[in-house]
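A look at the structure
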Amino acid sequence: MKISLTLLAIPAAAGFMIQPLSKSTAPLFSSSYLGSLNAPGMPGPDYANVADKTPAAPMKGSSPSTGSALSNVNLSEKAKNILETENVVRVQGNSLRTWSFQTPAIDRVQILMKTEGRPLNANVDLWQGPDNTPQKMAVYIEDANLRPFSAIVETPGGQNAIAIRNTATMEYPLDACVEAEVQDGELIATTAGLAEAAIPRVIQGGAVFTKPFAPTVQSIQILLQTDGRPLNARIELLQGPNNNKQVVEVYTEDGTERPFFMIVESPGVGNVVRICNTATMEYPINARVEPYVIDESTIESSSSSFFIVD
């Protein structure tokens, strides 16, 4: 038996062809934590593109700091006059009220709370979709009539809702108001002024930062940010040794996209703001704490009280 083998020639077009290797590179974004938190390409409110950057006239009867120079609206007085607004809601003790937004065009809201002189204990949550709470606040105020609560909450995207739960008993109701800002206006101008004018103070995880204020300072503005990491902080207003007049515990899942801004009323003397970063060392925060309203009449009365008796 004779066996013959025949080799068949396969055309090159019908065979397998090896594709040449291709290389593609994409630049990676990196920046120092101490650098600008609002660099181009980073998420969060665009403080650099505020339309009107012309300093406004000083508020009547007071002298606002540079942080509030971009806004003609005194948010401190707005919080004190909460009972005169149209959409005020009475929240009884151990009850919950929610405010939902019908349009995703709302970028931020202002939350105002006040009582008739009694203590205020409340939890404020930002809901975004089911079982998603990107921001939480636990608020305590000794006298919410003298020191009403005022804060700005960023609400980017859609399906947002604000929930306020009065954790006190039935004898301690509170009045709440949530006002939305559809386009860039007074709220973004207020936070932008503080972000651009004040130098941030880096608070490492577990560290404490304190700043005293003169008796002429009637209200204080506070802005907390991170570089995109979660934010966990405790803000206290002290008047005397270990005498807490107001305490706010805040959590934000992204301190760049949702920075925390609030105004703290500081009547009287011996006011000190204490900020504690309750997170670990890997999560520092940038804090800006500056006067918001300065009473000029107090300065004039103190300067004219010096005299010489022969």
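Up top is the structure.
Heads up: these notes are all about the structure in this document.

Thresholds applied
- Residue numbers run consecutively from 1 along every chain, following the written order of its sequence.
- With pLDDT at 70 or above as the cut-off, local features in this predicted model cover only qualifying residues; side-chain atom pairs require 80 or more to be listed or tallied, and sums for whole chains, interfaces and linings still use all residues.
- Working from all heavy atoms in the structure, the side-chain values ignore hydrogens and water.
- Helical segments are the DSSP runs of H or I of at least four residues, strand segments are the runs of E of at least two, and each set is numbered from the N terminus.
- Relative accessibility under 20% of the residue-type maximum defines a buried residue, over 50% an exposed one, and the middle range a partly exposed one, all with a 1.4 Å probe and only protein chains included.
- Note on definitions: a residue-residue contact is assigned when non-hydrogen atoms from the two residues lie within 4.5 Å.
- Calculation of accessible area relied on Shrake-Rupley with a 1.4 Å probe; when residues are assessed, cover is drawn exclusively from the protein chains displayed.
- Note: two strands are recorded as paired if DSSP finds a minimum of 2 bridges between them.
- Only the stretch in contact is used when a helix axis is fitted, and all axes are lines through C-alpha atoms; the angle between N-to-C directions ranges over 0 to 180 degrees.
- Here a salt bridge means any side-chain nitrogen of Lys or Arg lying within 4 Å of a carboxyl oxygen belonging to Asp or Glu.

1. A look at the overall build of the protein
- When its secondary structure is counted, the protein shows three helices and 17 strands.
- Counting all 310 residues of the protein, 42% fall into the buried class.
- Contacts in the protein between residues at least 24 apart in sequence constitute 81% of all its contacts with a sequence separation of at least 6.
- About 16,900 Å² of surface is accessible on the protein, with carbon and sulfur atoms providing 55% of the total.

2. Some words on the environment of Asp 295
- Residue placement: Asp 295 occurs in the loop between β17 (285-294) and α3 (296-303).
- In this structure, the C-alpha to C-alpha distance between Asp 295 and Thr 216, residues 79 residues apart in sequence, is 5.3 Å.

3. Side note on the environment of Met 170
- With respect to the helices and strands, the residue Met 170 is situated in the loop between β8 (160-166) and β9 (174-181).
- Taking relative accessible area as the criterion, Met 170 reaches 61% and is therefore assigned exposed.
- Excluding anything up to four places from it in sequence, Met 170 contacts Gln 92 and Gly 93.

4. What about the sheet that holds strand β11 (residues 208-213)?
- In spatial order, the strands read β3-β8-β5-β6-β14-β13-β16-β11; together these eight strands make up an open sheet with antiparallel pairing. The open sheet is flanked by β3 (95-100) and β11, the only strands paired with a single partner. In this sheet, adjacent strand axes meet at a mean angle of 15° when their direction is disregarded.
- Inspection of the sheet shows strand β5 (residues 120-128) paired to strand β6 (residues 135-141) by seven bridges, in the antiparallel sense. Across the sheet, the residue bridging to Leu 126 is Gln 135, located in β6.

5. What about unusual backbone geometry?
- Even without being a glycine, Asn 94 presents a positive backbone phi close to 60°.
- Counting through the fold element by element, Asn 94 comes out in the loop between β2 (89-91) and β3.
- The class for Asn 94 is exposed, based on a relative accessible area of 57%.
- In this model, Asn 242 sits at a positive phi of 55°, which is unusual for a non-glycine residue.
- Relative to the helices and strands, Asn 242 resides in the loop between β13 (231-239) and β14 (244-252).
- A residue is classified by how much of its surface remains accessible, and Asn 242, at 68% relative accessible area, is exposed.

6. Here we look at the environment of Ala 192
- Relative to the helices and strands, Ala 192 is located in helix α2 (residues 186-197).
- Judged by relative accessible area, which is 0%, Ala 192 ranks as buried.
- Spatially, the C-alpha atoms of Ala 192 and Leu 223 are 10.0 Å apart, while their sequence positions differ by 31 residues.

7. Observations regarding the pattern of salt bridges
- Tallied over the entire structure, the rule returns eleven salt bridges.
- Residue Arg 90 pairs with Asp 175 through a salt bridge whose shortest N-O separation is 2.4 Å. Highlighted residues: Arg 90 in strand β2 and Asp 175 in strand β9, separated in sequence by 85 residues.
- The salt bridge partner of Glu 236 is Arg 234, with a shortest N-O separation of 2.4 Å.
- With a relative accessible area of 25%, Arg 234 lands in the partly exposed category.

Just geometry here; none of it tells us what the structure is for.
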